[in-house]
Amino acid sequence: MESLLVKDITYSYRNKYQTVRALGGVSVEFEPGKMYTIVGSSGCGKTTFLSLLAGLDVPESGSIEWKGESTAKMDRDRYRRESASVIYQNFNLFQHLTVLENAAYPLYMRGMKKNEAEAKAREKLLAVGLKEEQFDRLPNMLSGGEQQRVAIARALASGSRIILADEPTGNLDSENGRNIVEILKRLAHEENCCVVIVTHDQAVADEADVVLKMRDGKLEG
Amino acid sequence: MSMRHVTISAMMRRKRWTLLLLFIALLETCAAMVLCSLTARQEAALEKTVDDTVISCVITDSQGTNQDNLHMATGFVDLLCGLRHERGYYQDEHIKNVRSKASIKLIAPKEYTMVCLLTPDSDYALTAAGGGSMILFDGWDASVFAGNQEVCVIPQGLAVDGEYIEIDNGNFSVSLRIIGTHTGSAKTLYCPFHTMDFHDGQSYMITADSCSFDIRDTRRLDEAKASLYEVFADLNADDQSGIRPAFAVRINDDILRNTLEEIRGNIRTLHLLIPALLIIEGAVGFFAAYLSTQSRLREYAVMRCLGMTRGKIFRLTFGEYLALAVVGAAVGTVIGIVINGTLSLRMLLYAAGAISAFLIGTAISVSRITRINVMKLMKTEE
Ligand SMILES: Nc1ncnc2c1ncn2[C@@H]1O[C@H](COP(=O)(O)OP(=O)(O)OP(=O)(O)O)[C@@H](O)[C@H]1O
Ligand SMILES: [Mg+2]
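Fair warning: this is a prediction, and the values are worked out from it, not measured in the lab.

Conventions and cut-offs
- Residues numbered from 1 in each chain as written.
- Chains lettered and ligands numbered in written order.
- Predicted model: local features only at pLDDT ≥ 70, side-chain atom pairs only at ≥ 80, totals over all residues.
- Heavy atoms only, no water.
- Helix = DSSP H or I, 4+ residues; strand = E, 2+ residues; numbered from the N terminus.
- Rg over C-alpha atoms; globule rule 2.2 N^0.38 Å.
- Buried < 20%, exposed > 50% of the residue type's maximum accessible area, 1.4 Å probe, protein only.
- Contact = heavy atoms within 4.5 Å.
- Near = heavy atom within 4 Å.
- Polar contact = N/O pair within 3.5 Å; in protein donor to acceptor, adjacent residues only side chain to side chain.
- Areas by Shrake-Rupley, 256 points an atom, 1.4 Å probe, with all protein chains shown as cover.
- Nonpolar A, V, L, I, M, F, W, Y, C, P; charged D, E, K, R; others polar.
- Pairing = 2+ DSSP bridges.
- Right-handed = clockwise from strand over helix to strand, strands pointing away.
- Buried area = accessible area lost by both parts, 1.4 Å probe.
- Salt bridge = Lys/Arg side-chain N within 4 Å of Asp/Glu carboxyl O.
- Axes fitted to C-alpha atoms, helices over the stretch in contact; angles between N-to-C directions.
- Left-handed = near helix turned anticlockwise from the far one by under 90°.
- Phe/Tyr/Trp six-rings, centres within 6.5 Å; stacked < 30°, edge-to-face > 60°.
- Arc of directions from axis to C-beta.

A.B. asks: How would you explain the overall build of chain A if you had to name every residue and give the values?
C.D. replies: Helices and strands together make up the secondary structure of chain A, namely 7 helices and 10 strands. Against the compact-globule benchmark of 17 Å for 221 residues, chain A has a radius of gyration of 17 Å, which places it among compact chains. Taken along its principal axes, the extent of the C-alpha atoms in chain A is 50 × 40 × 35 Å. For chain A, the proportion of its 221 residues judged to be buried stands at 55%. Looking at chain A alone, contacts between residues at least 24 apart form 71% of all its contacts between residues at least 6 apart.

A.B. asks: Could you give an account of the site of ligand 1, with specific residues and numbers?
C.D. replies: Every one of the 13 residues lining ligand 1 counts as a neighbour, but Ser42, Gly43, Lys46, Thr47 and Thr48 of chain A are closest to it. Looking at the residues close to ligand 1, they fall on chains A and B. With respect to ligand 1, the side chain of Ser42 of chain A contributes an N or O atom lying 2.5 Å from an oxygen atom. If ligand 1 stood free it would expose 630 Å²; the protein chains cover 69% of that surface. The set of elements that each furnish at least two residues to the shell around ligand 1 consists of β2 (19–30) and α1 (46–53) of chain A. In terms of residue class, the shell around ligand 1 is built from 4 nonpolar, 6 polar and 3 charged.

A.B. asks: Would you mind going over the pairing of strand β8 (residues 194–198) of chain A in detail, with residue names and values included?
C.D. replies: Residue and element names in this part refer to chain A. Counting buried positions over the 5 residues of β8 gives 5, a clear majority of the element. Both faces of β8 are covered, namely the face carrying Cys194, Val196 and Val198 and the face carrying Val195 and Ile197. Where strand β7 (residues 162–166) meets β8, 5 bridges bridge the pair, whose relative direction is parallel. What sits directly across from Ile162, in β8, is Cys194. You can see the chain leave β7, run along helix α6 (residues 174–190) and come back into β8, and the turn it takes is right-handed.

A.B. asks: Mind laying out the interface of chain A and chain B, listing which residues take part and the relevant values?
C.D. replies: By a widely used convention, the size of an interface equals the accessible area lost when the partners come together. Taken together, the contact pairs 31 residues of chain A with 28 residues of chain B. Carbon and sulfur atoms make up 66% of the surface buried where chain A meets chain B, a total of about 2700 Å² over both sides. Taken together, chain A and chain B are joined by 2 salt bridges. Here the side of chain A that touches chain B is built from residues that sort into 14 nonpolar, 8 polar and 9 charged.

A.B. asks: Describe the packing of helix α5 (residues 254–294) of chain B against helix α8 (residues 345–369) of chain B, with residues and values.
C.D. replies: All names here are of chain B. In the contact formed by α5 and α8, the axes pass within 7 Å of each other and the chain directions differ by 35 degrees. α8 is crossed by α5, and the crossing has right-handed handedness. Across the interface between the two elements, His271, Ile274, Leu278, Glu281, Gly282, Gly285, Phe286, Ala289, Tyr290, Thr293 and Gln294 of α5 pack against Arg346, Tyr350, Gly353, Ala354, Ala357, Phe358, Gly361, Thr362, Ile364, Ser365, Arg368 and Ile369 of α8. Partitioning the contact of α5 with α8 into residue classes produces 11 nonpolar, 9 polar and 3 charged.

A.B. asks: Report on the pairing of strand β3 (residues 95–105) of chain B, specifying residues and quantitative values.
C.D. replies: All names here are of chain B. In the sheet, β3 pairs with strand β11 (residues 210–215) via 5 bridges, with the strands oriented antiparallel. The residue bridging Lys101 from the neighbouring strand is Ser210, located in β11. Relative to strand β4 (residues 113–117), β3 runs antiparallel, the two sharing 5 bridges. Residue pairing in the sheet places Ala102 in a bridge with Cys116 of β4.

A.B. asks: Report on the sheet that holds strand β5 (residues 69–70) of chain A, specifying residues and quantitative values.
C.D. replies: Residues and elements named next belong to chain A. Taking strand neighbours across the sheet as the criterion, the 4 strands line up as β2-β1-β4-β5 in an open arrangement whose pairing is antiparallel. The two strands at the open ends of the sheet, each matched to only one other strand, are β2 and β5. With 5 bridges connecting them, strand β1 (residues 4–14) and strand β4 (residues 61–66) associate as antiparallel partners. Bridging across to β4, Leu5 finds its partner in Glu65.

A.B. asks: Explain the packing of aromatic side chains to me, and be specific about the residues and the numbers.
C.D. replies: Taken as a whole, this structure holds 9 aromatic pairs over all chains when the rule is applied. On the numbers, 6.1 Å between centres and 15 degrees between planes, the contact of Phe286 of chain B with Tyr290 of chain B is stacked. Of the two residues, Phe286 of chain B and Tyr290 of chain B are both situated in helix α5; the distance of 4 residues between them amounts to about one turn of the helix. By the ring-pair criterion, three or more aromatic residues cluster together here, those being Phe30, Tyr36 and Phe49 of chain A.

A.B. asks: Residues and numbers for helix α4 (residues 221–228) of chain B, please.
C.D. replies: Residue and element names in this part refer to chain B. Listed in full, the buried residues belonging to α4 are Leu221, Ala224, Lys225, Ser227 and Leu228. Seen end-on, α4 carries its buried residues on one side only, within an arc spanning 165 degrees. As for α4, its buried residues are in contact with α3 (74–81), β3, β11, β13 (247–251) and α5.

A.B. asks: Explain unusual backbone geometry to me, and be specific about the residues and the numbers.
C.D. replies: Leave glycine aside and you will find that most residues have negative phi; peptide bonds, for their part, are mostly trans. All names here are of chain B. Of note, the amide linkage connecting Ala108 to Pro109 takes the cis form, showing an omega dihedral of -5 degrees. Tracing the chain through its elements places Pro109 in the loop between β3 and β4. The phi angle at Glu111 is positive, at roughly 65 degrees, despite the residue not being glycine. Counting through the fold element by element, Glu111 comes out in the loop between β3 and β4. By relative accessible area, which is 56% here, Glu111 ends up exposed. The backbone of Lys187 shows a phi angle near 65 degrees, a positive value even though the residue is not glycine.

A.B. asks: An account of the pattern of salt bridges is needed here, citing residue identities and associated values.
C.D. replies: A full pass over the atoms with the stated rule returns 32 salt bridges over all chains. Between Arg21 of chain A and Glu60 of chain A there is a salt bridge, with the nearest N and O atoms lying 3.1 Å from each other. In this pair, Arg21 of chain A sits in strand β2 while Glu60 of chain A sits in the loop between α1 and β4, placing the two residues 39 residues apart along the sequence. Exposure remark for Arg21 of chain A: the relative accessible area of 52% places this residue in the exposed category. In this structure Glu60 of chain A comes out as partly exposed when scored by relative accessible area, which is 35%. Put simply, Glu43 of chain B and Arg346 of chain B hold a salt bridge, and the shortest N to O gap is 2.9 Å. Of this pair, Glu43 of chain B sits in helix α2 (residues 15–52) while Arg346 of chain B sits in helix α8, and the two are 303 residues apart along the sequence. Glu43 of chain B gets classed as partly exposed once you look at its relative accessible area, which sits at 23%. Taken together, the salt bridges that share partners define one network made up of Arg14, Arg296, Glu299 and Glu320 of chain B.

A.B. asks: Mind laying out the side chain of Ser70 of chain A, listing which residues take part and the relevant values?
C.D. replies: Following the sequence through the fold, Ser70 of chain A ends up in strand β5. Residue contacts for Ser70 of chain A: discarding those within four places in its chain leaves Ser63, Ile64 and Glu65 of chain A.

A.B. asks: So what's going on with the environment of Lys185 of chain A? Which residues, and what values?
C.D. replies: Residue and element names in this part refer to chain A. Here Lys185 lies in helix α6. Classification of Lys185 by relative accessible area gives partly exposed; the value is 21%. As for Lys185 and Leu156, which are separated by 29 residues in sequence, their C-alpha atoms are 13 Å apart.

This is the structure:
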């Protein structure tokens, strides 16, 4: 079964002086074709959870498995390159690369030829509603919503099946926020992606197929 | 390939950092080349000083007080000239320009003194400083004094070319051909030092009044000294006890020694500056790259999020610094050549050393950046 399976994971932040438990036993299964949202009060562990899903670190105990393989054992760099993309509230883009170069970056990384990569990136940028004349701009010449779309286009270009978004609408007005959620939803439903959105926004949560509530490092209900 | 292309585009857009790093690499190269040429100049000065300095030596009595009235057997002079090799060596291997003077009181011409010289400047009275000079008739030159011909130079106005003068000191009389005139003290005849050596197959005891000479090769000063001190006393020796030679030699090498010591000190300092400079240049490279990478932390976090490996991030970022270093070093080398006016292999090595130090510094910074903790970083707000 092709799914993202989370089995009873825990995670703590440590430094020399103290240990902060951020996740305390989370189990859930994310299926492709559905859009999930995770809601919960500030500090309950949402970002931590999403980062572990993205393979930026591994759980202390328990496991996260994609297509039956644990993130603790796999090549996580490759997992992020090919399977999982994260979209953050801000600073997703390379400030010194153009919109087109940003979107094509995962393809450059794979060694694809420049014009080939850019043709594909162009297609994805148009798919998320950006206009040709914006492609050669640097990110700071775009609005927050447009930048967020570039990040989504980049995730699309990389061909990731898992799209993880941390407060993707946090900096956007409701109109732009709705657009972004619309695009993500289409990814889940039409491209059969596994979309997980962390949000504070009730309007976003309402759009989801499944809403997960988190409190003190655990999922409720 | 496309990766490199966009990396370069991004570098071009980060103008300030790119120019700053380029400038640092350039400065570091120039600094190393300047240091190199300063060192080379000091070393050349050292060589020149050694080559140009003439170290003169004077024979004195054993106390070092008298040098004009030695009554020294001419055998010593012969030894210095390399005419004898008792003790198994030729002194003239180590010394040159031996000057010596021996005077003999004459009864005819009355009240005249016959002065035997090894070279015309052996007598102070005949040098420019002493106020006199010597004019030899056509066909004669100063080298005649090195031989033992029976010739002489008499005070001005007393004779013409081709004439002879009869001299007598009570022990011997001989007829000397007049080969020139001099403006030195009147009542003095000058003749070659060895003229009287074996007159009529008989050796007349003549003693030298004074003797001086120069060290042949300044680079072999120590050897020359050792050789001289086998025959003559060392006036500077602490131990003045024991059997002392009848004569001492004063070797005037103080000025040279002090000059050389000064230049060698400079060279030592410059050599010490090399590691210091390399360390500083490495540190500057480290901090420049540190600040530059810190200003792009988010970008590295994004790269990691996109699944770029640490090795790839290192190669990509270090590649940027490497390219800047190469361009900076190339421009720096050209400027270094212009500043110093020369180019040597050594300067290129110094430049290479500087740029290597810079690169090592940047490599340390870059390797640190590959270890960023993305999870912690992505949480910090702008
Ligand atoms: N780098 C860190 N070092 C130590 N503790 C941390 C660190 N990052 C997060 N935490 C702690 O871990 C817990 C979960 O943090 P997390 O960022 O996952 O919360 P969140 O649900 O994303 O909050 P928010 O909605 O405010 O973004 C919090 O209690 C927080 O204090
Ligand atoms: Mg968060």
